[in-house]
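Coordinate inspection notes
If you want the building blocks of each chain, they are given just below.
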Amino acid sequence: MKTALLLLVTLRAALMAPRKLPHVPDVVFPPVPDDARLSSEHLRLLLETNQDPEVQPGLFQGDMALTNEMYDFWRVGLRWDVMPERMWQNSTVHYVISPLYDTSEYVTIYNAILTLNFLTCIKFVPWDGKADDFLLIWPVKYPHGCWSYVGRFGGPQIVSLQPPDEQGPNCLGDEGRSIHELLHALGIFHEQSRADRDNFVDIHPENIIPEFQVNFNKESLENTTYSFEYDYGSIMHYGQYYFSKEKDRPTITPKKKGVRLGQRREMSKTDCLKINALYGCLDKSTYHRRKYYTLCKFMGL
Ligand SMILES: [Zn+2]
């Protein structure tokens, strides 16, 4: 009886014990919708033309890993009524920051996490070794660059942030690119793919590497998820030269004078409100609504 009890206790302890981190290989194969899949030649072209680190991974629109199923639905963005399983439960996101980062890189990523925790009701918490779903923030070697899955995928899921090297700061010059990729992981798409974007920006197909014109597609009107104004200052907006044939030929320019595209410094006011709206932070109570509106008001230019 005593032995059986001991066995039961041991078994229970083993089951409850925190799990070890999964092994993360240097080369991973995130899902890419069939329509957006690139040949190895095209992927090489991206590296050789020295593109932005968000363009280099060669995933959907550069830095977003998503499945065929999501691509078919993608025009609706991550609407929770269509894909509830992609939402992080209880607005809680467990994460692990790779031990491969050095201290300053770690601090940059950690600052991005602290910023999101401060400005939203979403809770990024260190992985407790028990939660099934968590982010592995990792400098995988391939695909190279900054990229993320869109929304919760289930199980450990990579957010790839390339540390600085001889080419430049890559994804860790400051916290902005980490925030950009974490917002993808929470379910946010690129701003310039909005249905109404042609009222606000011009696309220059003649300057885009032909194979990547698909990355400039937009959503259909009936599926616009957010009721926010078009946001030139969004941290989720493409830069002017993304996927350009040559460095000085813009692929996207604003119709409005005096605005700049593609900032990766901080969330804009609208980014801040958008992510709070997506996770219901503004509807929790009058107190929360006021709190997050006030915090977001101070963001951006
Ligand atoms: Zn992106």
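Residues numbered from 1 in each chain as written. Predicted model: local features only at pLDDT ≥ 70, side-chain atom pairs only at ≥ 80, totals over all residues. Heavy atoms only, no water.

**What about the overall build of the protein?**
What the protein contains, in helices and strands, is seven helices and eight strands. When burial is assessed residue by residue, the protein has 52% of its 301 residues classed as buried. A separation of at least 24 residues holds for 74% of the contacts in the protein among residues at least 6 apart in sequence. Summing over all exposed atoms, the protein offers an accessible surface of approximately 14900 Å²; the carbon and sulfur share of this is 56%. (Helix = DSSP H or I, 4+ residues; strand = E, 2+ residues; numbered from the N terminus. Buried < 20%, exposed > 50% of the residue type's maximum accessible area, 1.4 Å probe, protein only. Contact = heavy atoms within 4.5 Å. Areas by Shrake-Rupley, 256 points an atom, 1.4 Å probe, with all protein chains shown as cover.)

**Brief notes about the sheet that holds strand β5 (residues 147-149)**
The strand order across the open sheet built from six strands is β1-β5-β6-β4-β2-β3, with neighbouring strands paired in mixed fashion. In the strand order of this sheet, the two ends are held by β1 (64-65) and β3 (123-126), each with one partner. Where strand β2 (residues 92-97) meets β3, four bridges bridge the pair, whose relative direction is parallel. The residue bridging Val93 from the neighbouring strand is Phe124, located in β3. Across the sheet, helix α4 (residues 103-119) lies against β2, β3 and β4 (134-138), angled at about 170° from β2, the strand it touches most. Running at roughly 15° to β5, helix α5 (residues 176-186) makes contact with β1, β2, β3, β4, β5 and β6 (156-160) of the sheet. (Pairing = 2+ DSSP bridges. Axes fitted to C-alpha atoms, helices over the stretch in contact; angles between N-to-C directions.)

**Details of the coordination of the zinc ion**
Taken together, the protein ligands of the zinc ion are Asp63 (OD), Asp63 (OD), His180 (NE2), His184 (NE2) and His190 (NE2), with distances of 2.0 to 2.5 Å. Positions of the donor residues of the zinc ion, expressed as sequence spacing, correspond to D-x116-H-x3-H-x5-H. With His180 and His184 both in helix α5 and four residues apart, this pair spans about one turn of that helix. Overall, the relative accessible area of 0% leaves His184 in the buried class. (Donors = N, O, S within 2.8 Å, 3.2 Å for Na, K, Ca; no water.)

**With respect to the UniProt feature "active site" (unreviewed entry) in the protein**
Per the UniProt record, "active site" (unreviewed entry) is annotated on Glu181. Looking at where Glu181 falls in the secondary structure, it is placed in helix α5. When its relative accessible area of 0% is taken as the criterion, Glu181 is described as buried. Residues within four places of Glu181 in sequence aside, it is in contact with Glu54, Asp63, Cys146, Trp147, Ser148, Val159 and Leu161. (UniProt positions renumbered as here; feature names shortened; annotations may be inferred.)

**Brief notes about the UniProt feature "binding site: Zn(2+)" (unreviewed entry) in the protein**
Mapped onto this numbering, the UniProt entry annotates "binding site: Zn(2+)" (unreviewed entry) at His180, His184 and His190. Tracing the chain through its elements places His190 in the loop between α5 and β7 (201-203).

**Re the nonpolar core**
Among the nonpolar cores identified, the biggest contains 42 residues, and Phe124, Leu135, Ile137 and Leu183 are the most heavily contacted of them. Every element with two or more residues in this core is listed here: β2, α4, β4, α5, α6 (269-278) and α7 (286-297). Every residue in contact with Ile137, bar those within four places of it in the chain, is listed here: Tyr95, Val96, Ile97, Ser98, Tyr101, Ile109, Ile113, Val159, Leu161 and Leu182. With 21 residues, the next largest nonpolar core counts Val28, Ala65, Leu66 and Val140 among its residues. (Core = buried A, V, L, I, M, F, W, Y, C linked by side-chain atoms within 4.5 Å.)

**Considerations on the packing of α6 against α7**
Between α6 and α7, whose axes approach to 8 Å, the crossing angle comes to 155°. Classified by the angle between their axes, α6 and α7 sit roughly antiparallel to one another. Of the two possible hands of crossing, α6 and α7 adopt the one that is right-handed. Counted together, Lys269, Cys272, Leu273 and Asn276 of α6 and Tyr292, Tyr293, Cys296 and Lys297 of α7 form the full contact between these two elements. Among the residues forming the contact of α6 with α7, the class breakdown is five nonpolar, one polar and two charged. (Parallel < 35°, antiparallel > 145°, perpendicular 65-115°, else oblique. Left-handed = near helix turned anticlockwise from the far one by under 90°. Nonpolar A, V, L, I, M, F, W, Y, C, P; charged D, E, K, R; others polar.)

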